[in-house]
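Residue-level listing of the chains:
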Amino acid sequence: MIKKKIYCVGNAHLDPAWMWKWQEGSAEAKATIRSALDRMKEFPDFKFVCAGVSVYEWIEEFDPEMFEEIKRRVAEGRFVLAGGWYVQPDCNLPSGEGFARQGLYSQRYFYKKFGKTAKTGYNVDSFGHNGNLPQILAKSGMENYIYMRPSQTEMPMESPLFWWTSADGSKVLTHRISFYCFRFEHMTTLKEELNHASDMTPKGTDCVPFFYGVGNHGGGPTIKNLELLHEFAKENPDKEIIYTDLQDFFTHLREQKDFEIPTFREDLQHHASGCYAAYSPIKTLVRKSERALVAAETYAAFSCRLLGRKFPLKKIEEGWKNVNFLHFHDILGGCCIKDAYPDAEVLGQESLAISVKITNNALQTLSWAIDTSDKSKGIPVVFFNPHPFAVKTTVQIGTQCTSVKDGKNDIPFQFVYSQTHLCQRRCDTLFHVELPPCGYKTYYVLRNLDGGFVSRNAPEVGRVAYAIADVFRDKQGLSCSTSHIEDDFFRVEFDKKDGTIARLFDKKNGRELLQPVSQKKGLFRKVRYERGALPIVIDERDHDTWSHAKNYFDKVVGKFGDARISVVESGSIRCEVKVVSSYGKSTLTQYFRLENDGLLKVRAKIDWHEKQKMLKLAFPLQLTETKALYEIPFGTIFRPTNGEEECGQTWIATIGKEGGVALLNNNKYSFSVKDNVMCLTAIRSPYFGDHGAPFVSSESEVTDQGESEFSYAITPFTSCGDITKKALLFNTAPSFVIENNHNGTLPDKFDGLSADCDNILVSCVKRAEEDNGWIVRAYETDGKETKVTLSGGLLPVALTAEFTPYSVNTYFLADDASAWKTVPMTEMPE
């Protein structure tokens, strides 16, 4: 008779923050690890699996002797490295580069301290898993994956064991555990659970993992746990109890010849879909920090390559580790208690400070080295583009100019409101710039040295600071009034009662974007359209913070209305209309902006005072046979248009047989698409840490009260690569330095890095972690076999490479080498 094998995984479900601050989590880590090490002295066969490098770093800092004990037990194979990441993160919301840094710093830490890396990805408590994780895991040195959520009830699957495969073909052997036992203090419970586990072996196999140990607030396996396991083994000779390091479990599965492991090619959703939107401040901070770190790293590469400055590897690592910690699923998911967030947010602010300092040091150094000595050209303003593609965008500088030149030619400019106008009585200046990829370009301006007002009736000056006509049109095709806004790409008309978009016309493609509604009037039939940017309020009193088992938010109870519309700016570069609407005690202010760049941009401010309600912005589109496309880390995925709440990153798109419409954002992650209605979830306000409690205290507090800001944009869908570039620029604007005239060794323009294919996007360019060469990471966006050449002044040698569809590749060029080679995301030998 073949014995069923139960691979017992001794572990502690250790949340570094949840119903406690992270400092308390670090204290519990000490006690948990001390307990596990003590159990090893008492039970020679006991093994302990520990994921999350943050825990190891705490122990190394707090108790070096305990850390040395861990190292000895790792060498014995009894203290097991798992996860390969800094924490068990939210597996949907971090950026692609954010996930890459989880593995980069954590696997390198494991190798440096223990001489080995984790082979099994380990996210048992995370709330869903994006479809590109197999590629990220495999290219970070992990070949297996363990998870628990969503459960079989939430996401029925043929087998808990499968080859999870990304769009590029990367795969990891994956097992979904069916239960996670936090406590085993009673013999009857232990017997029941172990017998239940033996009945849960995947069809065709003879083994199953069994997770045991006190958890949530740490603890790990107890003496009683281990005694009961030994007793069970004696009483059940037909079952083999194996204290596992997880690797032997997956190795055994691979060796079974009579079982064909199924393949699964989608993402793993949904669990706790309310966490895509819960507690927006932490999500804003993480998005901002991730983008700031990538930009700072790029600017540091400029300074390193052009001027030989030291690349700040350790500072950047420090910044990313803070952000990686904030990726923890309860922190980023917005389901911690209120008191846990201020101390967590300090870490994100520290990362932003690191980014700001690195950026300023690099840009000031670079701009000071550029030859701007020709005073006849004017005052130099150096614009830096951190993106690996050429950029044409609108910039606003804090000075009032009398002329702007792109080197030789005068270019149009516009005066706009300045935050300094009450003190210095001047405007800012707005104009278009065209910047080379990963490079810089110098523009020259002449300033109004008086700093005083220009004529109150000057048509180029915005309404906030000056009186202008209600309608202004110029040769560049921009116009606006309280009823419309228009440029060469869009005509937008507003409903004067509720401030929604009454018409959205795509001029370049000759297409109405909003769903038409026929309205009969006498003998004539007038076409009107469903309202776009419709702010609908949804009741979610039957949802908890996580929104357990509830993936639809569709109980509409009202909408914002009573709009007040005014013109803010009307000029040759930008037109902007302000719409203020209200619902209950809440106010929504939206600034609709056109700049002749193919985007309808909206800057939104919400003063929110609703409890257990959600605000969505709805766009009913003129599309049929729709499907929804969502950006995920390093890629995209199609999902059904059934109205279910879904997670996305910097953009989503709804595509029909008529075309498609993309929706960009700067700090949101939660969306839904029902047939042709695309919605952005702007805010939700459950109670902090509400796990479905039957009552609410009078002292219970609600999330996201008061003022917050976000931005979004609408544009016709073209290709994944094109929309991703637009979203990156929407999230990270170019930087600039207003310089003076001086000698220098650098030219006034620099082209740093570009690809000769539109579907290859560089994610990072940096010094290697060993500071012995250069790293470039890039990914394919549109599902095409592609041969690409990356070239420019940032690269010592041009890089020619082949990409399979949707692949993410990392390349290394040693300082003493002449050719690039492919390396894992960890920059370590495979």
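Please read these numbers as outputs of a predicted model, since none were measured by experiment. (Residues numbered from 1 in each chain as written. Predicted model: local features only at pLDDT ≥ 70, side-chain atom pairs only at ≥ 80, totals over all residues. Heavy atoms only, no water.)

**Q** Tell me what's going on with the environment of T394, and back it up with residues and numbers.
**A** Along the polypeptide, T394 turns up in strand β12 (residues 391-397). On the basis of relative accessible area, T394 is assigned to the buried category, the value being 15%. Residues T394 and H432 lie 38 residues apart in sequence; the distance between their C-alpha atoms is 4.4 Å. Within polar-contact distance, the side chain of T394 engages the side chain of H432 at 3.2 Å. (Helix = DSSP H or I, 4+ residues; strand = E, 2+ residues; numbered from the N terminus. Buried < 20%, exposed > 50% of the residue type's maximum accessible area, 1.4 Å probe, protein only. Polar contact = N/O pair within 3.5 Å; in protein donor to acceptor, adjacent residues only side chain to side chain.)

**Q** Kindly report on the sheet that holds strand β7 (residues 171-176), identifying the contributing residues and their values.
**A** Here five strands make up an open sheet; going across it, the order is β4-β5-β7-β6-β10 and the pairing mixed. At either end of the open sheet lies a strand with only one pairing partner, and these are β4 (120-123) and β10 (263-264). (Pairing = 2+ DSSP bridges.)

**Q** Now, about the nonpolar core: what can you tell me, with residues and values included?
**A** Among the nonpolar cores identified, the biggest contains 111 residues, and I33, Y56, I70, F79 and I331 are the most heavily contacted of them. Of the residues forming this core, the biggest block, 12 residues, is contributed by helix α9 (residues 280-307). Not counting chain neighbours up to four residues away, the residues in contact with I331 comprise A17, I282, F325, L326, C336, Y341 and A344. Ranked by size, the runner-up nonpolar core spans 50 residues in total, among them V567, Y583, V673 and L680. (Core = buried A, V, L, I, M, F, W, Y, C linked by side-chain atoms within 4.5 Å. Contact = heavy atoms within 4.5 Å.)

**Q** Explain the pairing of strand β6 (residues 161-165) residue by residue, including any values.
**A** Counting buried positions along β6 yields five of five residues, so the element is predominantly enclosed. Burial along β6 is two-sided: the residues L161, W163 and T165 and F162 and W164 are all buried. Of the strand pairs in this sheet, β6 and β10 are connected by two bridges, and their pairing is parallel. Following the sheet pairing, W163 is matched in β10 by T263.

**Q** Tell me about the environment of D771, and name the residues and values.
**A** Within the element layout of this structure, D771 appears in the loop between β42 (760-767) and β43 (773-780). On the accessibility criterion, D771 (27% relative accessible area) is partly exposed. Separated by 116 residues in the primary sequence, D771 and I655 place their C-alpha atoms 45 Å from one another. Sequence-distant contacts of D771, defined by excluding residues within four places in its chain, comprise K310, L313 and D815.

**Q** Could you give an account of the packing of aromatic side chains, with specific residues and numbers?
**A** In total, this model carries 42 aromatic pairs according to the counting rule given. Seen from their ring centres, F494 and F592 are 5.1 Å apart, and the 65° between their planes marks the pair as edge-to-face. You can see F494 sitting in strand β19 (residues 490-494) and its partner F592 sitting in strand β28 (residues 586-594), a full 98 residues away along the chain. There is no split in this pair, since F494 and F592 are both buried. Here the aromatic rings of F560 and W608 are separated by 6.5 Å at their centres, their planes lie at 20°, and the arrangement is stacked. Residue F560 is found in the loop between β25 (556-559) and β26 (561-570), and its partner W608 is found in strand β29 (residues 600-608); the two are separated by 48 residues along the sequence. On the accessibility criterion, F560 (0% relative accessible area) is buried. (Phe/Tyr/Trp six-rings, centres within 6.5 Å; stacked < 30°, edge-to-face > 60°.)

**Q** Any chance you could break down the sheet that holds β29 for me, citing the residues and the numbers?
**A** Spatially, β26-β27-β28-β29-β38-β35-β34-β31-β32 is the arrangement adopted by the nine strands of the open sheet, whose pairing is antiparallel. The outermost strands of the open sheet, each flanked by one partner alone, are β26 and β32 (635-639). The sheet shows a mean angle of 20° between the axes of neighbouring strands, taken without regard to direction. Relative to the sheet, helix α14 (residues 720-731) contacts β29, β31 (627-632), β32, β34 (651-656), β35 (659-665) and β38 (706-716), its axis offset from that of β35 by approximately 25°. (Axes fitted to C-alpha atoms, helices over the stretch in contact; angles between N-to-C directions.)

**Q** Pulling in residues and values, what's your account of the pattern of salt bridges?
**A** Taken as a whole and assessed by the stated rule, the structure comprises 48 salt bridges. Taking the shortest distance from any N to any O, the salt bridge between K559 and D498 comes out at 3.5 Å. Of this pair, K559 sits in strand β25 while D498 sits in the loop between β19 and β20 (501-506); the two residues are 61 residues apart in sequence, bridging distant segments of the chain. By relative accessible area, K559 is classed as partly exposed at 43%. Of the charged contacts, one joins D542 and K555 as a salt bridge, the two residues approaching to 2.8 Å between their closest N and O atoms. With D542 in the loop between β24 (534-539) and β25 and K555 in the loop between β24 and β25, this residue pair connects regions lying 13 residues apart in the sequence. Via salt bridges that share partners, E486, R491, E493, R503, K507 and E512 belong to a single interconnected network. (Salt bridge = Lys/Arg side-chain N within 4 Å of Asp/Glu carboxyl O.)

**Q** Give a description of the side chain of T394 that names residues and reports values.
**A** A distance of 3.5 Å separates the side chain of T394 from the side chain of E595, its partner in a polar contact. Each residue touching T394, except ones within four places of it in the same chain, is listed here: L430, F431, H432, I573 and E595.

**Q** Can you explain unusual backbone geometry? Please cite residues and give values.
**A** That bond from R149 to P150 is cis: its omega, 5°, falls within 30 degrees of zero. Tracing the backbone through its elements, the reader meets P150 in the loop between β5 (144-147) and β6. The peptide bond linking Q269 to H270 adopts the cis configuration, its omega dihedral lying at 5°. A positive phi angle, close to 50°, is found at D562, a residue other than glycine. By the element assignment, D562 lies in strand β26. With a phi angle near 55°, D771 is a residue other than glycine that sits in the positive phi range.

**Q** Kindly report on helix α2 (residues 53-62), identifying the contributing residues and their values.
**A** Counting buried positions over the 10 residues of α2 gives seven, a clear majority of the element. Taken together, the buried positions of α2 are V53, S54, V55, Y56, E57, W58 and I59. For α2, the secondary structure elements touched by its buried residues are α1 (22-42), β2 (48-51), α3 (64-76), β3 (79-82), α4 (96-114) and α10 (313-326).

**Q** How would you sum up the packing of α2 against α4? Please name residues and give values.
**A** Where α2 contacts α4, the two axes come as close as 10 Å, and the packing angle between them is 45°. When the interaxial angle is binned, α2 and α4 end up oblique. Of the two elements, α2 crosses α4, and the hand of that crossing is left-handed. Residues V53, Y56, E57 and E60 of α2 pack against S106, Y109, F110, K113 and F114 of α4. (Parallel < 35°, antiparallel > 145°, perpendicular 65-115°, else oblique. Left-handed = near helix turned anticlockwise from the far one by under 90°.)

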